[in-house]
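Coordinate analysis (summary)
One-letter residues, chain by chain:
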Amino acid sequence: MSEEWDYQIRLTISDEFAEIARTDPQNAALAPIGEILAKRHAALRNQFDAFVGYVTQAETQGVEHFPLYKWTKATIEDPVKKAKHIKSFSIHVEGEEVYPKAAADALEADLSPLVGGGVVEKLSKHDTNPANNPQAPAHLR
């Protein structure tokens, strides 16, 4: 029996619109994205903000309980990586970070036409298969 992975759609938003997407996702400039997300019961989540939230939670509850703390902390403190993740947004469906392939495929089909239109620079689909995801470097575990 093969394993079935969950998925996540991520968008890279242009420099011009990334801050708007972080602070005012209902802004009219983002209406095409907002309409698709509403249709799919989904929401944008900024990756940098999510990383900051993870680090804050770890520092509040004890970093020993958060295996990715060192790696995530190093990421948010690196200006190059910060600039990259400020523009990166994951899409959560019905409040979930990952979701079945059918939901990811539907979002991908709906959002793909927006890529290159000035707001969305890139769209990617990621699965939860550990073999397809980066692992923390040994010195940051």
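All of the points below concern the structure found in this document.

Rules used in this analysis
Residues numbered from 1 in each chain as written. Predicted model: local features only at pLDDT ≥ 70, side-chain atom pairs only at ≥ 80, totals over all residues. Heavy atoms only, no water. Axes fitted to C-alpha atoms, helices over the stretch in contact; angles between N-to-C directions. Helix = DSSP H or I, 4+ residues; strand = E, 2+ residues; numbered from the N terminus. Parallel < 35°, antiparallel > 145°, perpendicular 65-115°, else oblique. Contact = heavy atoms within 4.5 Å. Nonpolar A, V, L, I, M, F, W, Y, C, P; charged D, E, K, R; others polar. Salt bridge = Lys/Arg side-chain N within 4 Å of Asp/Glu carboxyl O. Pairing = 2+ DSSP bridges. Phe/Tyr/Trp six-rings, centres within 6.5 Å; stacked < 30°, edge-to-face > 60°. Buried < 20%, exposed > 50% of the residue type's maximum accessible area, 1.4 Å probe, protein only. Core = buried A, V, L, I, M, F, W, Y, C linked by side-chain atoms within 4.5 Å. Polar contact = N/O pair within 3.5 Å; in protein donor to acceptor, adjacent residues only side chain to side chain.

Some points on the packing of helix α4 (residues 69-77) against helix α5 (residues 79-86)
- It is the contact of α4 with α5, at a shortest axis distance of 5 Å, that shows an interaxial angle of 90°. Compared by their axis directions, α4 and α5 come out roughly perpendicular. Facing Thr75, Ile76 and Glu77 of α4, the residues of α5 in contact are Pro79, Lys81, Lys82 and His85.
- The class makeup of the residues in the contact of α4 with α5 is two nonpolar, two polar and three charged.

Topic: the pattern of salt bridges
- Considering all chains together, one arrives at 11 salt bridges under this definition.
- Here Asp15 and Lys87 are joined by a salt bridge, their closest N and O atoms 3.4 Å apart. Remark: Lys87 occurs in the loop between α5 and β3 (88-93) and Asp15 occurs in helix α1 (residues 15-23); sequence separation between them is 72 residues.
- Residues Glu77 and Lys73 are paired through a salt bridge, measuring 3.4 Å at the closest nitrogen-oxygen approach. Of the two residues, Glu77 and Lys73 are both situated in helix α4; the distance of four residues between them amounts to about one turn of the helix.
- One salt-bridge network, held together by shared partners, links Lys101, Asp105, Glu108 and Lys125.

Details of the sheet that holds β3
- Spatially, four strands are ordered β2-β3-β1-β4 in an open sheet, and the strand pairing comes out antiparallel. Looking at which strands have only one partner, the edges of the open sheet turn out to be β2 (42-46) and β4 (120-127). Across the sheet, the axes of successive neighbouring strands diverge by a mean angle of 30°, strand direction being ignored.
- Alignment of strand β1 (residues 7-13) against β4, held across seven bridges, turns out to be antiparallel. Bridge pairing in β4 places Arg10 opposite Ser124.

Some thoughts on the packing of aromatic side chains
- Evaluated as defined, the whole model comprises one aromatic pair.
- Judged by centre distance (5.4 Å) and plane angle (80°), the ring pair of Tyr54 and Phe66 falls under edge-to-face. Taken together, the residues span a long stretch of sequence, with Tyr54 in helix α3 (residues 47-61) and Phe66 in the loop between α3 and α4 at a distance of 12 residues.
- On the basis of relative accessible area, Tyr54 is assigned to the partly exposed category, the value being 21%.

Concerning the nonpolar core
- Among the nonpolar cores identified, the biggest contains 22 residues, and Ile9, Leu11, Ile13, Ile33, Ile91, Leu107 and Leu111 are the most heavily contacted of them.
- Contributions of two or more residues to this core are made by β1, α1, α2 (31-39), β3, α6 (101-111) and β4.
- Sorting elements by how many residues they give to this core places β1 first, with four residues.
- For Leu111, the residues in contact, after removing those within four places along its chain, are Ile9, Leu11, Ile36, Ile91 and Leu123.
- The next biggest cluster of nonpolar side chains, apart from the first, holds seven residues, and it includes Ala58, Phe66, Tyr69 and Ile76.

Digging into the environment of Asn46
- Within the secondary structure, Asn46 sits in strand β2.
- Looking at Asn46, the relative accessible area reads 4%, which means it is buried.
- A C-alpha to C-alpha distance of 11 Å links Asn46 and Lys84, two positions 38 residues apart in sequence.
- Once residues lying within four places of it in the same chain are set aside, the contact partners of Asn46 are Arg22, His85, Ile86, Lys87, Ser88 and Phe89.
- Separated by 3.0 Å, the side chain of Asn46 and the backbone nitrogen of Phe48 make a polar contact.
- Only 2.9 Å separates the side chain of Asn46 from the backbone nitrogen of Asp49, close enough to count as a polar contact.

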